[in-house]
Amino acid sequence: MIKKSIPQLPSLDLQKSKNFYEENLGFKTLKEYDDIFLLEKDGFELHLWLCDDPSIPQNSSVYYQVDSIDSMYVDFKNKGIVHKNAHIMDKPWGMREFYVVDLDGNLLKFGQNINI
């Protein structure tokens, strides 16, 4: 039985990634190790692991289902972190979404169900 899932994203510089996630996305760091940082937000964990190949984060992503997506979008847009080609929009699969790309190229997708 699967009890929970923890996304793990590659980072080319753990300290810079940690700062980005804390300052822009509101994560808090739980633990730091030489090659992996454990972060948390709203009871959900995210692990950042040290990587030296820039193509890996450029091909990695995570999807977060959220509440209050419109206010989250405004906050992230004001911080200048919303991807230039991924502003908020309603998708045909019933989700309202926007995307952020972190410092290393990891794609962070945020969505809220609009078919409730």
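Predicted model only: the values in this text are computed from it and were never measured. (Residues numbered from 1 in each chain as written. Predicted model: local features only at pLDDT ≥ 70, side-chain atom pairs only at ≥ 80, totals over all residues. Heavy atoms only, no water.)

Enquirer: Help me get a handle on the pattern of salt bridges, residues and values and all.
Expert: A complete count under the given rule lists five salt bridges for this structure. Within this structure, Asp70, Asp90 and Arg96 form a network of salt bridges that share partners. (Salt bridge = Lys/Arg side-chain N within 4 Å of Asp/Glu carboxyl O.)

Enquirer: I'd like to hear about the side chain of Ser17, residue by residue, with values.
Expert: Its location among the elements puts Ser17 in helix α1 (residues 14-25). Not counting chain neighbours up to four residues away, the residues in contact with Ser17 comprise Ser11, Leu48 and Asp104. (Helix = DSSP H or I, 4+ residues; strand = E, 2+ residues; numbered from the N terminus. Contact = heavy atoms within 4.5 Å.)

Enquirer: Explain the UniProt feature "domain: VOC" (unreviewed entry) in the chain to me, and be specific about the residues and the numbers.
Expert: Mapped onto this structure's residue numbering, the UniProt feature "domain: VOC" (unreviewed entry) falls at residues 2-113. For the annotated span residues 2-113, helix accounts for 20% and strand for 38% of the residues, and the straight-line distance between the end C-alpha atoms is 23 Å. (UniProt positions renumbered as here; feature names shortened; annotations may be inferred.)

Enquirer: I'd like a rundown of the packing of aromatic side chains, residues and numbers included.
Expert: In the structure shown here, the tally under the stated rule is eight aromatic pairs. For the ring pair Phe76 and Phe110, a centre distance of 5.5 Å and an interplane angle of 70° mean the geometry is edge-to-face. Residue Phe76 is located in helix α2 (residues 69-78), and its partner Phe110 is located in strand β8 (residues 107-113); the two are separated by 34 residues in the primary sequence. One aromatic cluster in this structure is built from Phe20, Tyr21, Phe27, Tyr64, Tyr73, Phe76, Phe98 and Phe110. Positioned above the aromatic ring of Tyr99 is the side chain of Lys109, whose terminal nitrogen or guanidinium carbon lies 5.4 Å from the ring centre. (Phe/Tyr/Trp six-rings, centres within 6.5 Å; stacked < 30°, edge-to-face > 60°. Lys NZ or Arg CZ within 6 Å of the ring centre and 35° of its normal.)

Enquirer: Hey, could you go over the layout of surface pockets for me, with residue numbers and the actual values?
Expert: Its boundaries defined by the atoms lining it, the largest pocket holds a volume of some 280 Å³. For the lining of the largest pocket, the secondary structure elements donating two or more residues are β5 (61-65) and α2. Top contributing element to the lining of the largest pocket by residue count: β5, with three residues. (1 Å grid on protein atoms, 1.4 Å probe; cavity = no way out; pocket = protein on both sides within 12 Å on 5 of 7 lines; lining within 4 Å. Points joined across faces, edges and corners; volume = space filled by probe spheres on them.)

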